[in-house]
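Observations on chain architecture
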Amino acid sequence: MKPIAITPRPLETRVPNLGVGLWAAHAPANDMLTAQLDALRPGHVDLLVDLRVDDEIDTLESVLSLFRGRECPLWLYLICDDDAPQAGLARLAEILGTEAEGISGMLLTPAAYLNSYQPDGDWPRTTTPAALVSQARRYWPNLAIGGGFPTYFTELNRCRPDSSTIDFLTHATSPIVHAADDVSVMETLESLPFIFESARAIAPGRRYRITTSAIGAWTNPYGQMVTPNATRERVTLSDNDPRQRALFAAAWSIGYLAHAIGPVDSLTLSSIGHPFPIAEPAARYPIFDVLRGLNIGTSRPAMGVAEPVNGLAALGWLTEDERAEFWLANLTDETCAVAVAGTRYAAVLDEQTNPSASALRDWPLERLAPCHESPLTLAPYAIARLEITLAHST
């Protein structure tokens, strides 16, 4: 096996703000939510709330109470009634007040626009996203109001906002719209730079937020519903993808962040609770450990590699004490060997160290040990966290 040689290098950008999603319809009890937030330490939370559903508005109030005093920005993604959104907005204004204290920004989407329409198709004759932006400005004049959709780039591209009226642009992605086999899902990472470039062109100069994205699909804009998947098969447009619970999702997420460094200001991956859970009551999934570790790099000076390597994701950042942390993910189902210049310490997450079999307070990726192995061997979809010495360091 010929080793892959990698030399990390500083980039002229920073790691995007990294956060996690939360659906009001599926929010866990406050004690479990608090425990996951405390362990995960996300850079922000994107909360999706359907203002047509009283129970979800009640959950919003509960979440707002939980977030008071917590140093974790909360962004609201709101689904509004198509014909009469004013009632939902008025109730929201009663909850938030005019200053919306504790809220970093919001996106408002008429429910009909969760569906996808052909450019020359029959578009909804109801409240438009642009109209909701104007209404939100009247309620919250000092709050960041976004344009785009909580669904996918396709919907954004077919219904572009007036960039002069919004403060940020947003959308999600899903890799299982067209195909759901392992190779195809990993290959979708290659499309991300082109999506990011196109989105930036739609709203130049505006902040660009990728909202909650994972291997699954939380909604199906192209049909009546997501694909039923009680047996957890690899199927398209499902909100119950089996890989979410496996190393695969953790590796895919590192690949996603590697592409997002530079063009994206803020990235939200997976969720607390359904549809893209990072844990269950009695155990956590590998994605939890990976996001916990990556969150430390939020907004830090970024590192990458001079040339991308097929089947391998690589990213890192400079730490506050002038060290460097570097992460690798094997994106294939074959073992590979990687030699990273300057490696001093390493921790590996693979099937042998799967956190679901660990004690709840045992974090395999935090057990950095002197790296005597050169090169480092990565099993399929394995992840490595490295502490490295930069070439210019003394």
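Placed above this text is the structure.
Basis of the calculations
- Residues numbered from 1 in each chain as written.
- Predicted model: local features only at pLDDT ≥ 70, side-chain atom pairs only at ≥ 80, totals over all residues.
- Heavy atoms only, no water.
- Pairing = 2+ DSSP bridges.
- Helix = DSSP H or I, 4+ residues; strand = E, 2+ residues; numbered from the N terminus.
- Contact = heavy atoms within 4.5 Å.
- Axes fitted to C-alpha atoms, helices over the stretch in contact; angles between N-to-C directions.
- 1 Å grid on protein atoms, 1.4 Å probe; cavity = no way out; pocket = protein on both sides within 12 Å on 5 of 7 lines; lining within 4 Å.
- Points joined across faces, edges and corners; volume = space filled by probe spheres on them.
- Nonpolar A, V, L, I, M, F, W, Y, C, P; charged D, E, K, R; others polar.
- Core = buried A, V, L, I, M, F, W, Y, C linked by side-chain atoms within 4.5 Å.
- Buried < 20%, exposed > 50% of the residue type's maximum accessible area, 1.4 Å probe, protein only.

Describing the sheet that holds strand S20 (residues 383-388)
Taken together, seven strands build an open sheet; the order of strands is S2-S13-S14-S15-S20-S17-S18 and the sheet is antiparallel. Two strands bound the open sheet, and with one partner strand each, they are strand S2 (8-14) and strand S18 (369-370). As paired strands, strand S17 (residues 343-349) and S18 are joined by two bridges and run antiparallel to one another. Residue pairing across strands places Ala-346 opposite Ala-369, the latter belonging to S18. Together, strand S14 (312-318), strand S15 (324-330), S17 and S20 form the strand contacts of helix H8 (residues 247-260), whose direction differs from that of S14 by roughly 60 degrees.

Comments concerning the layout of surface pockets
Regions of empty space are outlined by a rolling probe, equal in size to a water molecule, passed over the atoms. Looking at the largest pocket, its volume works out to about 770 Å³. Lining the largest pocket are 32 residues, and of these His-259, Val-309, Gly-311, Leu-312 and Leu-331 sit closest to its centre. In the lining of the largest pocket, the residues fall into 21 nonpolar, six polar and five charged.

Examining the nonpolar core
Judged by nonpolar contacts, the single largest core of 95 residues is most densely connected at Met-106, Trp-140 and Ile-383. At ten residues, H8 tops the list of elements feeding residues into this core. In contact with Ile-383, other than residues within four places in its own chain, are Leu-247, Ala-250, Ala-251, Ile-254, Val-290, Trp-327, Leu-328, Ala-329, Ala-347, Val-348, Leu-349 and Leu-365. Listed in part, the 18 residues of the second largest apolar core include Ala-324, Leu-376, Leu-378 and Ile-388.

So, to be careful, I would describe these as geometric facts and stop short of saying anything about function.
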